[in-house]
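If you want the building blocks of each chain, they are given just below.
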Protein chains: 2
Amino acid sequence: MQPVNPTFSPLYQQIKGLLLKSLQEGEWKPGELIPSETELAARYGVSQGTVRKAIDELAAENLVDRKQGRGTFVATHNEAKSEYRFLRLAADEEPGVKPKSTYLSVERVRASSQIAKLLDIKPSDAVFVVKRVMRFDGVPRIFDEIWLPASQYKGLTLERLQQWDSTLYGFLESSFNVRMLRAKEHIKAVSAQPEHSAILQVEVGTPLLLVERLSMTYADQPVELRRGWYLTDKFSYRNELY
Amino acid sequence: MQPVNPTFSPLYQQIKGLLLKSLQEGEWKPGELIPSETELAARYGVSQGTVRKAIDELAAENLVDRKQGRGTFVATHNEAKSEYRFLRLAADEEPGVKPKSTYLSVERVRASSQIAKLLDIKPSDAVFVVKRVMRFDGVPRIFDEIWLPASQYKGLTLERLQQWDSTLYGFLESSFNVRMLRAKEHIKAVSAQPEHSAILQVEVGTPLLLVERLSMTYADQPVELRRGWYLTDKFSYRNELY
DNA sequence: TAGTGGTCTAGACCACGTG
DNA sequence: ACGTGGTCTAGACCACTAT
C-alpha cells in the first residue's frame, strides 16, 4: 500500500513551525513566559500532548526553557543558565573560572569576498569588525575578531560595547534583537602572529587554537562570524561525543 | 504541599534502567533486534507509551537505532551509520573523504600514574599502548597514541589489528565486547615534536591539534584513553553548538 | 489552592518495510 | 497482509511553584 500523502508532515512539526514563527516575530520575547500547553492546544486546535511534543523539540534545541510548576520561557542569553553557553574553553585545573571581556575596537568596513560568502551577504555590504580580548583570572587567553553584518546591528559602537557588562550575545539580543541559536565551529592549530603575540602576551610562533565560528539565528540565517585565537597551555577546548 | 515521595523516579526511567541492564549484560547483542515496544511493555507490565519514552532516550544517546517498519536495533560501531562517529576531523574542501588507518605498534606496559588516574585503574596495572597513523587520500593527518586497560582486552596484538579492515571501535566491540558509548575530548594546540614530525611528515615545530579523548562504556566506565595529533593545515575539527 | 509542566494509560490510526 | 515504529487523542493523576 502506498502512503496516502507523500508529503506527510506530523502535526507536532507543523505546530513547532507555528511556535517558531511566533518566537521569530517576537510575539513572546526573550525571558518571557509563553502560553501554557493547554492554552496553546486550544489555540491551535490540537491536543495538549501534540503541543507538548512540539515544545519538547524547542526545549532540546535550547530555544525555550521549561520550568516545572512555573511554565515555559523563551530562552535568552541574558540569564545565568546560558551565559557563555557557546564557550568551550576551560581551565585544566579550575574549570569553573569565568572570563572577562575587554573590547579593543569596532570598525565599519566592506566585507571581503570570503567573509561575505560565509555570512551570506554581498561582498560590497558593510560589516562591523569587533576586536576584543578575554581574560581568565586576569590572564589574556582569547583574542577574538568578530564580523557582524552592519544591516542588522545599526548603531553599534565601541562605547556601547564597553558599557555593557555581560556577554556579547546578551548585548546583541537586548540591543539589536538578534538571538544566536546555534553555531558551527571549525578548529585548527596555528602559530601566533605578531598581532596575537602582543595581545596574548606570548612569543610569535606559539601554537594557538584557531576557532572559526559561524552563528545562526532563526531560519539558519548567519548573523555572526568570528575567529578566536585561544591560548591553550593551561586551558583546553572541551567537547563531548555521543 | 510536600511531595509524597522525595526519591521520585519516573517509571520510564526505571524501564530505561532495565533496558540498559539487558544491553550491558548482552541479552541483545550489537546489531541485533530488540523486542518490540508492545512486547517490552507486556514484559515490564507498563504501557507501550512508557516503554517508548525509555527507548526514546536510549535512541537519543545512540545506544539503539530505531527503524520505522523494522524495529529497534542495538547500535554497533560495525555499521556504516556509526563508522567514524567520533571522528570530527574533516577536509576543508572535500569533507566527505574517509581515512585509512595503519597500525604501527602495540606494547604492553604499566600505566603511568597520570594515565591510570584517567582510566580509573591502579598505576601498577598493565595497559596496551597502540600507535597508529590515519591517512586521508594517502596523506598522513593523524597520529594516535591509544591506551587500553589490558584487563579488558586480553590477547590484543599488532597482528590482529593489522588484519582488521574496519574501525578500531568496531574491532574492540567484536573482539572484546567493549562498546564505546560516549567520550570527552580536551583539545589544545601544540608544536610538532620529532616523533610527530617523522610520522606526519612535517617540520618540527609545526602547529598541531592535540586531542585527548577519554571514552566510556556502560555505567560511564572509562575503557580507552587516546592522544591524537592532528595536522590541520587543510583539515579542521568540526563542532556544532546549541 | 490553583495552575503549570511531567507522567502514565488505553486505544485508534498512520507510515514504512517485509514477505 | 502483517508487524513495527510513529502520531494523535482524551483523560487521570503527580510533582513543583507561586499565591
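The following paragraphs examine the structure supplied in this document. (Residues numbered from 1 in each chain as written. Chains lettered and ligands numbered in written order. Predicted model: local features only at pLDDT ≥ 70, side-chain atom pairs only at ≥ 80, totals over all residues. Heavy atoms only, no water.)

## With respect to the protein's contact with DNA strand D
Right, so step 1: Around DNA strand D, a shell composed of 23 residues is seen, among which L11(A), S47(A), T50(A), K53(A) and R52(B) lie nearest.
Right, so step 2: Here a base nitrogen of DNA strand D and a side-chain polar atom of Q68(A) are 3.3 Å apart.
Right, so step 3: Between DNA strand D and R52(B) there is a distance of 2.6 Å, counted from a phosphate oxygen to a side-chain nitrogen or oxygen.
Right, so step 4: Of all elements in the fold, only α1 (11–24) and α3 (48–60) of chain A together with β1 (64–67) and β2 (71–74) of chain B reach the threshold of two or more residues within the surface near DNA strand D.
Right, so step 5: Classifying every residue of the surface near DNA strand D gives seven nonpolar, nine polar and seven charged. (Near = heavy atom within 4 Å. Polar contact = N/O pair within 3.5 Å; in protein donor to acceptor, adjacent residues only side chain to side chain. Helix = DSSP H or I, 4+ residues; strand = E, 2+ residues; numbered from the N terminus. Nonpolar A, V, L, I, M, F, W, Y, C, P; charged D, E, K, R; others polar.)

## Some words on the packing of aromatic side chains
Right, so step 1: Per the stated rule, a full pass over the model turns up 12 aromatic pairs over all chains.
Right, so step 2: Taken together, a centroid distance of 5.9 Å and an interplanar angle of 80 degrees make the contact between F86(A) and Y169(A) edge-to-face. Residue F86(A) is located in the loop between β2 (71–74) and β3 (89–91), and its partner Y169(A) is located in helix α6 (residues 168–176); the two are separated by 83 residues in the primary sequence.
Right, so step 3: Accessibility expressed as a relative area gives 7% for Y169(A), which makes it buried.
Right, so step 4: Relative to F235(B), the ring of F136(B) has its centre 4.9 Å away and its plane inclined at 65 degrees; by these criteria the two rings are edge-to-face. Highlighted residues: F136(B) in strand β5 (residues 126–136) and F235(B) in strand β10 (residues 235–241), separated in sequence by 99 residues.
Right, so step 5: What makes F136(B) buried here is its relative accessible area of 2%.
Right, so step 6: Taking relative accessible area as the criterion, F235(B) reaches 7% and is therefore assigned buried. (Phe/Tyr/Trp six-rings, centres within 6.5 Å; stacked < 30°, edge-to-face > 60°. Buried < 20%, exposed > 50% of the residue type's maximum accessible area, 1.4 Å probe, protein only.)

## A look at the interface of chain A and chain B
Right, so step 1: With 31 residues of chain A in contact, the opposing surface of chain B contributes 31 residues.
Right, so step 2: Between chain A and chain B lies a buried interface of about 2,800 Å² when both sides are counted; carbon and sulfur atoms form 50% of it.
Right, so step 3: One salt bridge in this structure joins D92(B) and K188(A), with 2.6 Å as the shortest N-O distance.
Right, so step 4: Between chain A and chain B we count 25 residue pairs in polar contact (both at pLDDT 80 or more) in total.
Right, so step 5: Going through the elements one at a time, β7 (182–191), β8 (207–216) and β10 (235–241) of chain A are the ones with two or more residues in the side of chain A that touches chain B. (Contact = heavy atoms within 4.5 Å. Buried area = accessible area lost by both parts, 1.4 Å probe. Salt bridge = Lys/Arg side-chain N within 4 Å of Asp/Glu carboxyl O.)

## Let's talk about the protein's contact with DNA strand C
Right, so step 1: The immediate surroundings of DNA strand C are formed by 23 residues, with R52(A), L11(B), S47(B), T50(B) and K53(B) found nearest.
Right, so step 2: A breakdown of the atoms of DNA strand C within 4 Å of the protein gives sugar and phosphate a share of 81%.
Right, so step 3: Here R52(A) contributes a side-chain N or O atom positioned 2.6 Å from a phosphate oxygen of DNA strand C.
Right, so step 4: Those elements giving two or more residues to the surface near DNA strand C turn out to be β1 (64–67) and β2 of chain A together with α1 (11–25) and α3 (48–60) of chain B.

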